[in-house]
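Structural overview
Residue-level listing of the chains:
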Amino acid sequence: MQLRRPARPHRDDVLIAIAGLLGGLILLGLGLTNGPMLLELPGWTVLIALLAMCGAELLRRTAPHTALTIGTLALALDLCTRGLIANMVMFTDLMYAAVLYGSPSLARRLPRTSELLTVLAAVVPLAIFRQPEALLLGVGTGVLTVAPAWTGAIIRNHRDAAEAAKLRAEQTALLAEMDRTQAVQAERARMARELHDMVANHLSAIAIHSTAALSIDEPTATREALGVIRENSVQGLAEMRRLIGLLRDAGAEAEPAAAPTLEGLDALLERARTTAEAARSASGETGGARRAGEAAGGLEFTLCDERSPTAPPLPTPVELAAYRIVQESLTNAVKHAGPGEVLVTLGHADGGLRVQVTSAYGDRPGPSAPGSGSGLLGMEERVALLGGEFTAGPVATAAGHTRSWQVTAVLPVDEETTP
């Protein structure tokens, strides 16, 4: 077992011990003692008490309990000799250090013990000698014990309070940094969702129409595709500029941008029809080759609003989330869905709004824009922020032979936030 090396005395403790030793030697050399000896002891005994008290001063910070014990014995020996005022001064410092640097239990007991000793030192001699001068013993004991003990207790309380305040400040700073980090991450996620929802639809249309323009050797179809590409690129750039402007002028007063509403779903479905038709044309089937009654691009887009006409208007966050979910679902349908109906259904569900987009699950004819899955993640995050439910995946039809891809979101509506 490795022995623990004793702690080295603090530099200030060494200086105090040296100062006490020099002061005691000077007082002894000048003959300035407290009085005659109470016991018949050799003259050098006072030096032993002085050296013991100085040695205890070396331990006042590293071993305060041991230092006080040695100092008490040295003071008792000093009182039996001629006595030096230097020993009494150093004993008060040991009492102060024991309370300030000692264990919490010692710091609690020592002031009370010193008070009890002071009372006994005043009452017992007065009862025995019946002289008022006997009270001076109690006064001297109080000066040597009570005053330094309570001084150390007060300073220790202030020190502990300062350390507790520092710890609370560090914890507050840590919590503030954690809150800031979470806020930054949440804002980055929100910006990523907004950027994806605003731009991905236009970029997907541009990719599909550009492929159609390269695949079809017809001036009229190519001109139409280029027109759609220009329209989507202009709209995408405008929305990008608006988002960048909002980020740059976050601290300034700017006019609030109008959030899209469910009233614009018809226009959203019309753009999806145009993009789907371009994708079908790029696959080799031009408008003239399309059979009568066949949907544009093999996809038929239908909006079914089952909500009550007397229902109160939806809160802006709920309506925006529903619009973005439909927008992203239509974009995914144009890129990945097989030929068939793309049905957008709006309805009520447990006091909230239910949004459901169903499309054919199969191989997509014609060109498709690559996807990374960010759209599904963004939809799920939007629903989670509102405390709703979100599901997306293939489901079997009633016949059980074919499957469809279904996106379902249930957005709760808080009555307190309903306009």
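Residues numbered from 1 in each chain as written. Predicted model: local features only at pLDDT ≥ 70, side-chain atom pairs only at ≥ 80, totals over all residues. Heavy atoms only, no water.

**As for a nonpolar patch on the surface**
On the surface, Ile 18, Leu 22, Leu 25, Trp 44, Leu 47 and Ile 48 cluster together to form a nonpolar patch covering roughly 560 Å² of accessible area. Elements with a minimum of two residues in the nonpolar patch: α1 (11-29) and α2 (45-58). For the nonpolar patch, the element with the highest residue contribution is α1, accounting for three residues. On the secondary structure map, Leu 25 appears in helix α1. (Patch = residues over 30% accessible without salt bridge, like charges linked within 9 Å, V, L, I, M, F, W, Y side chains within 5 Å. Areas by Shrake-Rupley, 256 points an atom, 1.4 Å probe, with all protein chains shown as cover. Salt bridge = Lys/Arg side-chain N within 4 Å of Asp/Glu carboxyl O. Helix = DSSP H or I, 4+ residues; strand = E, 2+ residues; numbered from the N terminus.)

**A short note on the confidence of the model for the protein chain**
Detail in the predicted coordinates should be disregarded across regions flagged by low pLDDT. When pLDDT is averaged along the protein chain, the result is 81, and 81% of the positions lie at 70 or above. Across the protein chain, helix α4 (residues 85-101) holds the top mean pLDDT of 94, while helix α7 (residues 219-248) sits lowest at 73. Under a pLDDT of 50 for its full length, residues 285-296 has, in the predicted model, nine contacts with residues more than four places off or in other chains. (pLDDT = per-residue confidence, 0-100. Contact = heavy atoms within 4.5 Å.)

**Side note on the sheet that holds strand β1 (residues 299-305)**
Spatially, five strands are ordered β1-β2-β3-β5-β4 in an open sheet, and the strand pairing comes out mixed. A strand with exactly one partner marks an edge of an open sheet, and here the two such strands are β1 and β4 (389-396). Within the sheet, the average angular offset between the axes of one strand and its neighbour, ignoring direction, is 15°. Inspection of the sheet shows β4 paired to strand β5 (residues 403-411) by eight bridges, in the antiparallel sense. Looking across to β5, one finds that Val 395 is bridged to Ser 404. Sheet strands in contact with helix α10 (residues 374-385) are β4 and β5, and its direction is about 135° off that of β4. (Pairing = 2+ DSSP bridges. Axes fitted to C-alpha atoms, helices over the stretch in contact; angles between N-to-C directions.)

**So, the pattern of salt bridges**
Under the counting rule described, the total for this entry stands at eleven salt bridges. The partner of Arg 112 in a salt bridge is Glu 115, and the shortest N-O contact between them spans 3.6 Å. Of this pair, Arg 112 and Glu 115 are both found in helix α5 (residues 104-129), three residues apart, which corresponds to roughly one turn of the helix. Judged by its relative accessible area of 28%, Glu 115 is partly exposed. The network of salt bridges with common partners includes Asp 13, Glu 57, Arg 60, Arg 61 and Asp 93. (Buried < 20%, exposed > 50% of the residue type's maximum accessible area, 1.4 Å probe, protein only.)

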